[in-house]
Every structure is written in structure tokens, then in C-alpha cells.
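Residue-level listing of the chains:
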Amino acid sequence: MIWNEEAECRAAEEKEELQLKRLQEVVKRAYENVSYYKKAFDEVGVSPEDIQALNDIEKLPFTSKTDLRDAYPFGMFAVSPDDIVEVHTTSGTTGKPTVSGYTQNDLDLWGEVMARSLTMAGGDRTDRIQNCYGYGLFTGGLGVHYGAQKIGATVIPISAGNTMRQVEIMQDFGSSILTCTPSYAMYLAEVLEEQGVGPDKLNLKAGVFGAEMWTEEMREEIEKRLKLSALNIYGLTEIIGPGVAQECYKKDGLHIFDDHFYPEIIDPESLKALPHGSKGELVLTTLTREGMPVIRFRTRDITTLRPGKCECGRTLVKMDRITGRSDDMLKIRGVIVFPSQIERALLKIEGLHPQYQIIVSRPHQLDELEVQVEASPVLFSDEVKHVEGVKRNIEEHIHDEIGLRVNVSLVEPQSLPRSEGKAVRVIDKRNL
Amino acid sequence: MFKMKLKQISVFLENRKGRLQKALEVLGNANVNIRTLSIADTSEFGILRMIVPDIDQVQSILEEHNFVVKVNDVIAVGVPDEPGGLEKILGILNRADINVEYLYAFAEKKVEQAIVVLRTENIDAGIKALTEGGASVLSSDEVYEL
Ligand SMILES: [Zn+2]
């Protein structure tokens, strides 16, 4: 089922025409009503009239998380605060949060894109949606809530936490769609298993999982344990909340609702726009938001865009599963590498503690990647050739994951730095 | 037969200045009596191999200090301290088609003989060949008592 066939299956030219019209409108609205944008556009000498084609968007400056934070609390609003009917914020773990303000039309838009998402996951009015995303300032709970009501499903607004109650309600109410973070879905599966509640005693058919990065391996695991179809949802509070993009049953990328959120991919270093199919940082522009339009927001999420018609019938551009954050991205000999890929490779080797450090250097014009791994008793032997074999095995696993040759050094246990919270994983000696 | 096997403890050494010294300092502070040791060195790491009477104690001391260790069996052979002694031993193993992974030796003044520590891929096969070939395979007690 497709919630809004007209919008989700538009022909390319027709869609581009609509996107351009909406882009011109939002740029004008932002310039005229938000002092931040007026100043930012004036500084680079661009005005709303310069947007004559879609790729003219590249003339506009980017908006970063810091820009939004500096405008705390209401500096980014493009309407009178009296016209704002709801606010949400980011968690603000790294400073002041970012505030997102919604007009009534913005809430309707949010309901619309979430209705499309839930329908894409197979939901309709017969479903009972157990919504374990947190209700409150966090966008997850209410976003799903508005969409669920729009499609006429029964929403169970249980919010996050209280796992015993979640498990009980899931059985008693016969919840058919589960919405939560993928890690919470894993945890629920564990608790259900501990209590001896097999998937046959549940009525789950689909899960709409998001708000954190996850992998295909996790998908397989969740699907196997909960006997449901696990689908990826993507969104950001800065843009609207959940409902920016959603996976269809093909599970081959997430459809971005690009009639409302215009996506671009840029090289996070040169900040140049990249053609479709290239891997880079996702940049989003809200085409229709009233309360708080956001122009060229740097999401820091790394993905690839793939346009075209999907088997499901939608022509909404697809983005790949998020594979990393541009903040931790490394470019080695032109290849994008994330510490998480190296960690994944290490986790595949039995007996290895994934304590590692990546050292990037450029000794002779060419980048070299050294991965230091802490030795463990399982990997060690009295024989040199055995230890060398272990080292080569780790090198091969990493090569399979990132496509680059690396040099692995085994170091003594507890010798790599551990800091409170985020471990220091990367040392870049290249002075780029 | 198992009594003829000698326990060896190996320690992983990162290729960094002072690591061997650190390991020996830890053992020295604990008054560990090291009968003999050898070091296998590559450009990237080292393996310190030791024969010590109280292997369990040494293992726990080293592990407490975050060293990676491994205990395994080796063979000790008494070799007359004279030219050609070692060659004879290797000849026996060669004829039995047994590969020596590594070996190291230490001289023992008290008994006028050298002790050769040998690592063959299959320890039992190594001991069998050596015994049958007339070599003097030493038990662990004999080595510790020297
Ligand atoms: Zn599709």
C-alpha cells in the first residue's frame, strides 16, 4: 500500500518542477523572516532570486548544528511564536539543545510523512502500533503517534522504558507493529526469550526501527528472534523528527520524502556537491516547513543517494543505510573509512578484544593505515609463525571490510588509551 | 612419558623500548628463579620464553601486570658439553622426520653438560624419537634440580 500515491510516485520532471517551486518559496520565506538566513545569504552575496534551477541550491550557505544551537531557543523561527503550536528539542547532550518549532501545518506535514512511513511498513487501520519511542521533547514518540492516528491505526502510546509492561501489553493487546530503537528491539527479544514467550505467542508483523545507527546483521537477528519485518526509519529533530525517510519492503535503501525534504550529498571536506551514487554527507533542506525552515542542514550522516523507480512503485529518491558520521570519517588514499568498520572486522575474530587504535600517516606521499590491536591469550603462542599468522588474519579481515591493505601491530593488553566515554580511536598524523 | 615434558612460559612483548626489562623487573621483584630464557625477536614483536620451576605463580604475576602469556610443553635434552653434541640430537630428529620449531640451550657447570630446550610440533613424537635414538631426555624435576 502507498499512502499518497500522487506524491510518492511522481514522474521525475514533475517532481523536480515541484521541488524548484517549493525551494524558491522556502528560500524567500527564510530570507525574509529569519535574521540568521538574511545575514548568511548576504554574506555570500546570494539572494532568493538567484534560485532559478534546482542546482542553484549549491549557491546557498550551509546550516550547521552549531548555527541552530546559537539561535537557541527561538531564533530560527520564521513565524510569530504565537503561531507555533508545538516545540521539540534535541537531547542537548553536547551543550544547549536545538529547538524545533511547528505550526499547525507543520504538524499536519509530520503526520503526513509518518503516515507514509507506517503505510510503507505495511501498516493500516487494522494495526495496533506499540509505540515505544519516548514521548516528550524527543520527537520519536509524538511523530509516530501523529502518523499512526492519520492512518487510523490503534496507537498504544506506551513510550520508552518499563520493559515488563511492554512485554505484557504486547501479548495482551496483540500489538502488530513495534516502533522503537533497534537496540531496544533486541533487548525486548531477549526479555521475551527469558520469559519463554516465543514469537508464535505474539502478533508482530513489522518493526519500524530508527533513531540510531544499526547494521544488516542486527536486522537479521531481530527478524529471526521477533519474527517480524524489521524496517529502517530515518529522521532528525532539526528537520522534523522521524519521517524524513523510510524503508519499503524491498529493504534496499530508505525512500526520502523528497517532495518535502530536499537531499544533497556533499564531500564533507571540500563541501562540494557530489553526483548521485557517491558516498558522502547528507545535506537536507526543508521545502515546506513553515515554523522553522532549515536550509542546507549538514546532517553529518554518511550515505549515498539513488534515484529511480523502486519495485514498490515509488519514485522517491533512496538513501542507503547510514554507515557513519562525517565527524569520525577518515579518507585513506581517497577511500572513505570509518572506525566502526574496523571494529566490525575485529569482532569477527574469536578471542580478540576489540580494543584498537587507528594510526594514519603519510610517510611517502601515500597514506598508510596502521591498526594497533591489543593481544589476548587466545591469539598468542610461543611460536613466531603462529603470532604472525594471527596478525595476517586480522589484516585480511580488515581488508575484506574496508578494501584497503593495512598493517596490524599487536600491542600489549591495557596499553591503548581508554578515556571516559568515547575512546580515542584515531590518531591522524598526516597534518591535512 | 608425560613427566618427560617440560613446561615453558612465553610472554608477548610489544616492539617498544623497555618492555623486556619491564617483564624481568616484575619477575625480579617477586624473586622468581628463572632457570633459563630466550627471546625470539621479529621487527614487530618479541616472544620471551622461560623455564621456571613455579610456573603457575609466574603466570599469575605476569597476568596481574597485564602481560599476555602462554604455557606449553617443550623437551629438555642433556647434551655432553663437547663439540658435535647438539648435532647428534638434531640428527636423531632429522632421521625421524621431525621438525624443530625452535631451540635454545644453556650450560650447566655442575654436571658438565648443556641443556637444550626443544620445541617440536608434536612433543610426544619428539620425545619418543629422542629416547629411542639414545638421547638423554630430562624430566622437569631433573631440570629444576640442576
Ligand atoms: Zn520502494
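Fair warning: this is a prediction, and the values are worked out from it, not measured in the lab. (Residues numbered from 1 in each chain as written. Chains lettered and ligands numbered in written order. Predicted model: local features only at pLDDT ≥ 70, side-chain atom pairs only at ≥ 80, totals over all residues. Heavy atoms only, no water.)

Attention shifts here to the nonpolar core. Counting residues in hydrophobic clusters, the biggest one holds 73 residues, and the most contacted among them are Phe41, Tyr234 and Met319 of chain A. A total of eight residues in this core trace back to one element, the largest contributor, which is helix α5 (residues 104-120) of chain A. Core analysis: the next-biggest nonpolar cluster, separate from the first, contains 31 residues, Ile332, Ile358 and Val387 of chain A together with Phe45 of chain B among them. (Core = buried A, V, L, I, M, F, W, Y, C linked by side-chain atoms within 4.5 Å. Buried < 20%, exposed > 50% of the residue type's maximum accessible area, 1.4 Å probe, protein only. Helix = DSSP H or I, 4+ residues; strand = E, 2+ residues; numbered from the N terminus.)

Moving on, we get to the domain arrangement of chain B. All names here are of chain B. Along its sequence, chain B is carved into domain 1 (2-72) and domain 2 (73-145). Centre-to-centre separation of domain 1 and domain 2, based on C-alpha positions: 21 Å. Each side of the interface is counted separately: domain 1 has 16 residues, and domain 2 has 18 residues. Contact with domain 2 buries area across many residues of domain 1, yet Met4, Lys5 and Leu6 alone supply 41% of it, more than any other trio. The interface formed by domain 1 and domain 2 contains two salt bridges. Across the pair aspartate 124 and lysine 5 runs a salt bridge, and its minimum N-O distance is 3.2 Å. Counting across the domain 1 and domain 2 interface gives five residue pairs in polar contact (both at pLDDT 80 or more). Where the side of domain 1 that touches domain 2 is concerned, the elements lending two or more residues are β1 (5-14), β2 (36-41) and β3 (45-51). (Domains from an automatic or database assignment. Contact = heavy atoms within 4.5 Å. Buried area = accessible area lost by both parts, 1.4 Å probe. Salt bridge = Lys/Arg side-chain N within 4 Å of Asp/Glu carboxyl O. Polar contact = N/O pair within 3.5 Å; in protein donor to acceptor, adjacent residues only side chain to side chain.)

Quick look at the packing of helix α7 (residues 163-172) of chain A against helix α8 (residues 182-194) of chain A now. All names here are of chain A. Remark: α7 packs on α8, axes separated minimally by 10 Å, with the N-to-C direction vectors making an angle of 75°. With respect to each other, α7 and α8 are oriented roughly perpendicular. Residues Thr163, Met164, Gln166, Val167 and Met170 of α7 form the contact with α8, whose participating residues are Tyr184, Tyr187, Leu188, Val191 and Leu192. Across the contact of α7 with α8, the residue classes break down as eight nonpolar, two polar and no charged. (Axes fitted to C-alpha atoms, helices over the stretch in contact; angles between N-to-C directions. Parallel < 35°, antiparallel > 145°, perpendicular 65-115°, else oblique. Nonpolar A, V, L, I, M, F, W, Y, C, P; charged D, E, K, R; others polar.)

Turning our attention to the domain arrangement of chain A. All names here are of chain A. Each assigned domain of chain A is listed with its residue range as follows: domain 1 (67-327) and domain 2 (332-428). Computed from C-alpha coordinates alone, the two centres of domain 1 and domain 2 are separated by 34 Å. For the pair domain 1 and domain 2, the summed buried surface comes to about 420 Å²; carbon and sulfur atoms form 64% of the total. At the boundary of domain 1 with domain 2, the tally comes to zero residue pairs in polar contact (both at pLDDT 80 or more). A per-class count over the side of domain 1 that touches domain 2 returns one nonpolar, two polar and three charged.

In this section: the interface of chain B and chain A. The partner chain A presents 20 residues to the 24 residues of chain B that form the contact. In this assembly, chain B and chain A are joined by five salt bridges. Where arginine 119 of chain B meets glutamate 383 of chain A, a salt bridge forms, and the shortest distance between an N and an O atom there is 3.0 Å. The tally of links between chain B and chain A comes to ten residue pairs in polar contact (both at pLDDT 80 or more).

Ideal geometry at a metal gives 109.5 degrees between four tetrahedral donors and either 90 or 180 degrees between six octahedral ones. Residues and elements named next belong to chain A. For the zinc ion, the full set of protein donor atoms is Cys248 (SG), His255 (NE2), Cys310 (SG) and Cys312 (SG), and the range of their distances to it is 2.1 to 2.3 Å. Of note is the zinc ion, whose four donor atoms meet at the metal with angles of 103 to 118° in an arrangement that counts as tetrahedral. In the primary sequence, the donor residues of the zinc ion line up as C-x6-H-x54-C-x1-C. On the criterion of sequence distance, the pair formed by histidine 255 in strand β9 (residues 254-256) and cysteine 310 in the loop between β12 (297-306) and β13 (318-319) is long-range, its members being 55 residues apart. Assessed through its relative accessible area of 0%, histidine 255 is described here as buried. For cysteine 310, a relative accessible area of 8% corresponds to the buried category. (Donors = N, O, S within 2.8 Å, 3.2 Å for Na, K, Ca; no water. Tetrahedral: all angles 85-135°; square planar, octahedral: opposite > 155°, others 65-115°.)

Okay, the packing of helix α2 (residues 12-33) of chain A against helix α3 (residues 35-43) of chain A next. All names here are of chain A. The geometry of α2 relative to α3 is characterised by a closest axis approach of 5 Å and an angle of 105° between their N-to-C directions. Comparing the axis directions of α2 and α3 gives the class roughly perpendicular. Of the residues in α3, those touching α2 at Val27, Ala30, Tyr31 and Asn33 are Ser35, Tyr37, Lys38, Phe41 and Asp42. Tallied by class, residues from the contact of α2 with α3 come to five nonpolar, two polar and two charged.

Residues spaced three or four apart along an α-helix point in a common direction, a consequence of the helix completing one turn every 3.6 residues. Residue and element names in this part refer to chain A. Where helix α9 (residues 216-226) is concerned, the buried positions are Met218, Arg219, Ile222, Glu223, Arg225 and Leu226. Residues of α9 that are buried sit in contact with β5 (177-180), α8, β6 (206-209), β7 (229-236) and β8 (241-247). Positive backbone phi, approximately 50°, marks lysine 227, located one or two places after α9.

Looking now at the layout of surface pockets. All names here are of chain A. For the largest pocket, the calculated volume is near 1,100 Å³. Residue lining of the largest pocket: 43 residues in total, with Ala211, Gly235, Leu236, Asp301 and Arg325 positioned closest to the centre. A breakdown of the residues in the lining of the largest pocket according to their chemical character gives 15 nonpolar, 17 polar and eleven charged. One number sums up the size of the second largest pocket: a volume of about 480 Å³. Surrounding the second largest pocket, 25 residues form its lining, Glu16, Gln19, Tyr262, Pro263 and His276 being those nearest its centre. Classifying every residue of the lining of the second largest pocket by side-chain character gives 13 nonpolar, five polar and seven charged. (1 Å grid on protein atoms, 1.4 Å probe; cavity = no way out; pocket = protein on both sides within 12 Å on 5 of 7 lines; lining within 4 Å. Points joined across faces, edges and corners; volume = space filled by probe spheres on them.)

Our next topic: α5 of chain A. Taking 1.5 Å per residue as the helical rise, α5 of chain A with its 17 residues ought to reach 24 Å, and the 24 Å between its terminal C-alpha atoms agrees with that figure. Directly beyond the C-terminal end of α5 of chain A, a positive phi value near 95° is found at glycine 122 of chain A. (Expected span 1.5 Å × (residues − 1).)

Note on backbone geometry: most residues besides glycine have negative phi, and most peptide bonds are trans. For the bond from tyrosine 72 of chain A to proline 73 of chain A, the omega torsion is -5°, close enough to zero to count as cis. Positive phi, close to 55°, is recorded for lysine 251 of chain A, a residue that is not glycine. Judged by relative accessible area, which is 27%, lysine 251 of chain A ranks as partly exposed. Even without a glycine there, the phi angle at asparagine 31 of chain B is positive, about 55°. Given the relative accessible area of 69%, asparagine 31 of chain B is considered exposed.

Take the packing of aromatic side chains next. One pass over the structure, following the stated rule, counts ten aromatic pairs over all chains. Ring geometry for tyrosine 102 of chain A versus tryptophan 110 of chain A: centroids 4.9 Å apart, planes at 15°, classification stacked. By relative accessible area, tyrosine 102 of chain A is classed as buried at 0%. On the accessibility criterion, tryptophan 110 of chain A (0% relative accessible area) is buried. With a centroid separation of 5.9 Å and an interplanar angle of 80°, the aromatic rings of phenylalanine 209 of chain A and tryptophan 214 of chain A are classed as edge-to-face. Comparing phenylalanine 209 of chain A with tryptophan 214 of chain A shows no difference in burial state: the two are buried. Feature note: the residues Tyr31, Tyr36, Tyr37 and Phe41 of chain A constitute an aromatic cluster, connected by ring pairs. It is arginine 425 of chain A that lies over the ring of tyrosine 356 of chain A; its NZ or CZ is 4.3 Å from the centre. Looking at arginine 49 of chain B, its charged tip hangs above the ring of tyrosine 102 of chain B, at a distance of 3.5 Å from the centre. (Phe/Tyr/Trp six-rings, centres within 6.5 Å; stacked < 30°, edge-to-face > 60°. Lys NZ or Arg CZ within 6 Å of the ring centre and 35° of its normal.)

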